[in-house]
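Summary of the model geometry
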Amino acid sequence: MARLPRYVIPGQPQHVIQRGNNRQAIFAAEADYQFFRDALVEAAGRFGLAIHAYVWMTNHIHLLATPSREDSIGKTLQSVGRRYVQYFNYTYRRSGTLWEGRYRATVVDSEQYLLTLMRYIEMNPVRAGIVLNPADYPWSSHHHNTYGETGLNADWLVAHDEYLRLGLDAVERQTSYRALFHSALTINDVAAIRDCTHKGWALGSEQFRAHIEKLGKRQAASKGVGRPRKQVAADNNRI
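In what follows, the accompanying structure is described. None of these values were measured; they are calculated from a predicted model. (Residues numbered from 1 in each chain as written. Predicted model: local features only at pLDDT ≥ 70, side-chain atom pairs only at ≥ 80, totals over all residues. Heavy atoms only, no water.)

Topic: the overall build of the protein chain
Across its full length, the protein chain holds 9 helices and 4 strands. Helices (α) and strands (β) of the protein chain occur, in sequence order from the N terminus, as β-α-β-β-α-β-α-α-α-α-α-α-α. For the protein chain, the proportion of contacts with a sequence separation of at least 24, taken over those separated by at least 6, is 75%. Here the protein chain displays about 12000 Å² of accessible surface, and carbon together with sulfur accounts for 51% of that area. (Helix = DSSP H or I, 4+ residues; strand = E, 2+ residues; numbered from the N terminus. Contact = heavy atoms within 4.5 Å. Areas by Shrake-Rupley, 256 points an atom, 1.4 Å probe, with all protein chains shown as cover.)

Observations regarding the sheet that holds strand E4 (residues 104–107)
Sheet strands pair via backbone hydrogen bonds, and the direction of the pair is either parallel or antiparallel. Reading across from one edge, E2-E3-E1-E4 is the order of the 4 strands in this open sheet, with antiparallel pairing throughout. The sheet is open, and its two edges are formed by strand E2 (49–56) and E4, each paired on a single side. Neighbouring strand axes in the sheet, compared pairwise and without regard to direction, differ in orientation by 20° on average. Taken together, the 7 bridges between E2 and strand E3 (residues 60–67) define a ladder with antiparallel strand orientation. Pairing of Ala-53 across the sheet is with Leu-64, part of E3. Running at roughly 155° to E3, helix H3 (residues 110–122) makes contact with strand E1 (14–19), E2 and E3 of the sheet. (Pairing = 2+ DSSP bridges. Axes fitted to C-alpha atoms, helices over the stretch in contact; angles between N-to-C directions.)

Re the environment of Val-107
Turning to its location among the elements, Val-107 is positioned in strand E4. For Val-107, a relative accessible area of 1% gives the class buried. Sequence separation of Val-107 and Ala-202 is 95 residues, and the distance between their C-alpha atoms is 5.1 Å. (Buried < 20%, exposed > 50% of the residue type's maximum accessible area, 1.4 Å probe, protein only.)

Some words on the nonpolar core
Counting residues in hydrophobic clusters, the biggest one holds 59 residues, and the most contacted among them are Phe-36, Ile-51, Trp-56 and Leu-63. Of all the elements in the fold, those that place two or more residues in this core are helix H1 (30–47), E2, E3, helix H2 (72–91), H3 and helix H8 (187–199). Once residues lying within four places of it in the same chain are set aside, the contact partners of Ile-51 are Leu-40, Ala-44, Leu-63, Leu-64, Ala-65, Trp-156, Leu-157 and Val-158. (Core = buried A, V, L, I, M, F, W, Y, C linked by side-chain atoms within 4.5 Å.)

Concerning the environment of Ile-193
Mapping Ile-193 onto the fold places it in helix H8. Spatially, the C-alpha atoms of Ile-193 and Leu-117 are 7.6 Å apart, while their sequence positions differ by 76 residues. The contact partners of Ile-193, leaving out residues within four places of it in the chain, are His-15, Thr-116, Leu-117, Tyr-120 and Leu-203.

Some words on the packing of aromatic side chains
To describe a pair of aromatic rings, one takes the distance between the centres and the angle between the planes. Enumeration over the complete set of coordinates arrives at 19 aromatic pairs. Judged by centre distance (6.4 Å) and plane angle (55°), the ring pair of Phe-36 and Trp-99 falls under tilted. Placement of Phe-36 in helix H1 and of Trp-99 in the loop between H2 and E4 is noted, with a sequence separation of 63 residues between them. The class of Phe-36 is buried, set by a relative accessible area of 2%. Seen from their ring centres, Tyr-177 and Phe-181 are 5.2 Å apart, and the 70° between their planes marks the pair as edge-to-face. By relative accessible area, which is 0% here, Tyr-177 ends up buried. (Phe/Tyr/Trp six-rings, centres within 6.5 Å; stacked < 30°, edge-to-face > 60°.)

Looking at the side chain of His-52
By secondary structure assignment, the location of His-52 is in strand E2. Judged by relative accessible area, His-52 falls into the buried class, the value being 5%. Looking at His-52, its side chain comes within polar contact range of the side chain of Thr-66, at 2.7 Å. If near-sequence neighbours (up to four positions away) are discounted, His-52 is found in contact with Leu-64, Ala-65, Thr-66, Met-118, Ser-141, Asn-145, Leu-157, Val-158, Ala-159 and His-160. (Polar contact = N/O pair within 3.5 Å; in protein donor to acceptor, adjacent residues only side chain to side chain.)

With respect to the packing of H3 against H8
Between H3 and H8, the least distance of the axes is 11 Å, while the angle of their chain directions is 90°. Taken together, the axes of H3 and H8 lie roughly perpendicular to each other. Contact residues: H3 offers Tyr-113, Thr-116, Leu-117 and Tyr-120, while H8 offers Asp-189, Val-190, Ala-192, Ile-193 and Arg-194. Of the residues assigned to the contact of H3 with H8, the class counts are 6 nonpolar, 1 polar and 2 charged. (Parallel < 35°, antiparallel > 145°, perpendicular 65-115°, else oblique. Nonpolar A, V, L, I, M, F, W, Y, C, P; charged D, E, K, R; others polar.)

In C-alpha cells form, the structure reads like this:
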C-alpha cells in the first residue's frame, strides 16, 4: 500500500521519529550525540524548524518541533541525515545506509496534546529501562524544561506557547512542568501517540482532525482513534 503524504502545516507542531536501519544503533559514543546535536541545531536554524522537546536513544530519535515552512522538517532531517551518516560511517569504518528510511511524523493538536507529547518523549529512557528518572538521562530536553538547564544541550530549544502558559516566569513554568510527571500517561494517550505517529494520522480532537482533513484533502485519522471513557495508567515497558 502506498504511503500517505505527510501533513506539514507551517506553525503547527509535529512529533517526529527517525530510527536506525533494522533498529541498529545510531549512537555509539558521546561524541556521536554531540556531532548529531551540532548538525541538527545548524540545520534547524537554517531551515526554520523550532524544536521544543527531544530525546536521542541508542537506535532512534524523537523530536517535537514546529516548522515555519512546508519543507522545514524534510530539509532539516535530510541535511542532518546526510552529514551524520558520513560522519558515522567514517568514524566506525562502515558503509551503507544508517537510517530506516522515511521519518515518521504526526501533526499535533497543541492545546490537547503538546504537553502530553513532551512527557511522552522525555519518558522514553524510563520506558526503555535505561534510567528510573527522566532527569538521569543526559540526551533529552528534560533538564531544560524542568530545571532550566542551559548549555549546548538546551540553549537552542524553543519554548512553545503551551509550555509558556504553565507560569508567569521560568521558575513557575518549570515547577508546573515537573508536576506533570507526578502522574503516568494513560494507556490511551500512549496508544494514540504511537498509532498516529506510525500511521501519519493527525493527533488531536475530532474538530482538529476535521480541520486537518480539510487542509490536507485526505483522511486524518482511523475510525478507531479516540479516547476511551475509562482512563488508566500506561505501562512503561514499551518505547
